[in-house]
Amino acid sequence: MTDVLLSELSRVGRDPAGGVTRFAWAAAELELREWFAARAAALGLDVETDGNGNLWAWWGASLPGTAFVVGSHLDSVRSGGEWDGPLGVVSAFAALAALRDAGWTPTRPIAVVAFADEEGGRFGLACLGSRLLTGAVDPERALALVDDDGVTLAEAMTAAGHDPRLVGADPDRLAKIGAFVELHIEQGRMPITGGARGLAGAGRPVGVARAIWPHGRWRIDLAGVPDHAGTTALADRVDPVLAMAEGIVEVRRAAAELDVLGTVGRVRVLPGAVNAIASSASLWVDARGEQPERVRELVAALESRLGVAAALESWTDVTPFDAALTADVAAAIGGEVPELPSGAGHDAGVLSLAGIPTAMLFVRNPTGVSHSPEEQAEEPDALAGVTALTAVVRRMAG
Ligand SMILES: [Zn+2]
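All residue numbers refer to position in the chain's written sequence, counted from 1. Since the coordinates come from a predicted model, pLDDT governs what is reported: local features require at least 70, and pairs of side-chain atoms require 80 or more to be given and counted, while whole-chain, interface and lining totals use all residues. Values reported for side chains reflect all heavy atoms of the structure, with hydrogen atoms and water molecules removed beforehand.

1. Some points on the packing of aromatic side chains
The relative placement of two aromatic rings is captured by the distance of their centres and the angle of their planes.
At step 1: Each Phe, Tyr or Trp ring (for Trp, its six-membered ring) is paired with any other whose centre lies within 6.5 Å, and the angle between the two planes then decides the class: stacked below 30 degrees, edge-to-face above 60, tilted in between. All chains considered together, the criterion is met by seven aromatic pairs.
At step 2: Judged by centre distance (5.8 Å) and plane angle (80 degrees), the ring pair of tryptophan 35 and phenylalanine 93 falls under edge-to-face. In this pair, tryptophan 35 is assigned in helix α1 (residues 27–42) and phenylalanine 93 in helix α2 (residues 86–101), connecting sequence segments 58 residues apart. For the residue pair tryptophan 35 and phenylalanine 93, the accessibility class agrees, reading buried in each case.
At step 3: The structure contains a cluster of three or more aromatic residues connected by ring pairs, namely Trp56, Trp58, Phe115 and Phe180.
At step 4: Whether a charge sits over a ring comes down to the Lys NZ or Arg CZ being within 6 Å of the ring centre and within 35 degrees of the ring normal. Just above the ring of tryptophan 25 sits the side chain of arginine 33; from NZ or CZ to the centre is 4.2 Å.
At step 5: One Lys or Arg, arginine 296, reaches over the ring of tryptophan 315 and ends 4.3 Å from the middle of that ring. A run of H or I in DSSP becomes a helix once it reaches four residues, and a run of E becomes a strand once it reaches two; helices and strands are each numbered from the N terminus. Throughout, exposure labels follow a simple rule: accessible area from a 1.4 Å probe, protein chains only, divided by the maximum for the residue type, with under 20% read as buried, over 50% as exposed, and the rest as partly exposed.

If you want it as structure tokens, here you go:
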């Protein structure tokens, strides 16, 4: 379903499966950048692209004080839904349009932001625009990332007319951000304070985020003895694929026991021949949950089952949102607002880790399905999100 809010963007990057594919610095995403500039210009906002490719639309840039920033991202995963990202940007513009039409004027600068390459769908590193801005990623490393066609980020930026030499930490810009509120489509049916599953379970159109769950990725390598599938007796084999299978089952078992999420979404078997016992097998574990110690317990259970140490590839500790700002956001939209955690990372989390007060608003997704063409929100809920965001901007920048 396409909501009236998203109708201007709906056809951009549309694929035959019904999803949208809007990779950073590729044609569809560049079209959305043009849309952003036009939408901002129509509202009389000043548009700029920062050195990391993030888009900013300013209202009252010359006003004193730090900016109140609202927005999200425009890129998508491959064949994703059309709500993840654009809803936050479209709602931000809609909120400012409503305030302007009502004759309201800000007392501090306001910016609508669209962070570049949030999904990492093309170069494999999520929240790239916000991480570069805050200095959380080394620019040299980022520029050398390659997509599936062997194109580097530097080359993709250059082809899109953006100078890659401008990429890197931007403390002056960061210092201008007084607070950031990201509105986002709800993802999953996460536990709400009080016990309901998701905003649908709570019967509410809009909620606020408590925190982003801690999140780790580990790799386990299992060694085998390669041999012929037709000549090696079962008793003589050292087959790492069997251990890998046990490991995958253990991840699921331990996750259920510990009440966390554990996923093996990637495995590699070498040499990968049908008629050979493998020389090695690797599996990657993605684990997240409310409590970091339980996430680590899952990995410990896996290590003990396989008798092999897991190599940590990345770890992001629990990312809290700003309690005072979240209370302000809740007060602006009527006080009693459901609170839910996010199992997914967001630019708001990156800014929060950089010390910026941040909060998130979620708009009800009846199924919880995300990163899929099935992702959706009902139009009244999307409009409730705009109303909420409008009230937040009015309270925080009026
Ligand atoms: Zn998103």
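Picking up after the structure, the text goes on.
2. Points about the nonpolar core
At step 1: Judged by nonpolar contacts, the single largest core of 54 residues is most densely connected at Phe36, Phe68, Phe93, Val112, Val181 and Leu361.
At step 2: In this description, a nonpolar core means a group of buried Ala, Val, Leu, Ile, Met, Phe, Trp, Tyr and Cys residues linked to one another through side-chain atoms lying within 4.5 Å. By size, the runner-up hydrophobic cluster in this structure holds 24 residues, among which are Trp58, Ala111, Leu133 and Phe180.

3. Concerning the coordination of the zinc ion
When a metal carries six donors in an octahedron, the ideal angles between them are 90 or 180 degrees, while four donors in a tetrahedron ideally lie at 109.5 degrees.
At step 1: Listed donors are limited to N, O and S atoms within 2.8 Å of the metal, widened to 3.2 Å for Na, K and Ca; water is not among them, so incomplete-looking sites are possible. Distances from the zinc ion to its protein donors, His73 (NE2), Asp84 (OD) and His184 (NE2), fall at 2.0 to 2.2 Å.
At step 2: Mapped onto the sequence, the donors of the zinc ion take the spacing H-x10-D-x99-H. Pair noted here: histidine 73 is in strand β3 (residues 67–73) and aspartate 84 is in the loop between β3 and α2, with a separation of 11 residues, a long-range link. When sorted by exposure, histidine 73 lands in the same class as aspartate 84, which is buried.

4. Re the sheet that holds strand β7 (residues 215–223)
At step 1: We treat two strands as partners when DSSP finds at least two bridges between them. Strands sit in the order β9-β11-β7-β12 across an open sheet of four strands; the sheet is antiparallel. Because the sheet does not close on itself, it has two edges, and the strands there are β9 (261–270) and β12 (311–316). The mean angle between the axes of side-by-side strands here comes to 15 degrees, regardless of whether they run parallel or antiparallel.
At step 2: Of the pairings in the sheet, the one linking β7 to β12 comprises five bridges and is antiparallel in character. The residue of β12 that forms the bridge with arginine 219 is alanine 311.
At step 3: Against the sheet, helix α8 (residues 240–258) contacts β7, β9 and β11 (280–288), and its axis sits at roughly 175 degrees relative to β9. In this description, a line fitted to the C-alpha atoms serves as the axis of each element, helices being fitted only across the stretch in contact, and the angle between N-to-C directions of two axes falls anywhere from 0 to 180 degrees. For this analysis, residues touch if any pair of their heavy atoms sits within 4.5 Å.

5. Section: the side chain of aspartate 347
At step 1: Structurally, aspartate 347 is set in helix α11 (residues 347–353).
At step 2: The convention is simple: Lys and Arg are positive, Asp and Glu are negative, and His and the chain ends are not counted. Within this document, salt bridges are pairs made up of a side-chain nitrogen of Lys or Arg and a carboxyl oxygen of Asp or Glu, the two lying within 4 Å of each other. Within the buried core, aspartate 347 has no salt-bridge partner, and the shortest N-O distance to an opposite charge, that of arginine 131, equals 7.8 Å.
At step 3: Of the polar contacts made by the side chain of aspartate 347, one reaches the side chain of serine 130; its length is 2.7 Å.
At step 4: In this view, aspartate 347 contacts Ser72, His73, Phe115, Glu118, Cys127, Ser130, Phe180 and Glu182; residues no more than four positions away in its chain are not counted. Polar contact is the term for a pair of N or O atoms within 3.5 Å; when the atoms are in protein, one must be able to donate a hydrogen and the other to accept it, and sequence-neighboring residues count only if both atoms are side-chain atoms.

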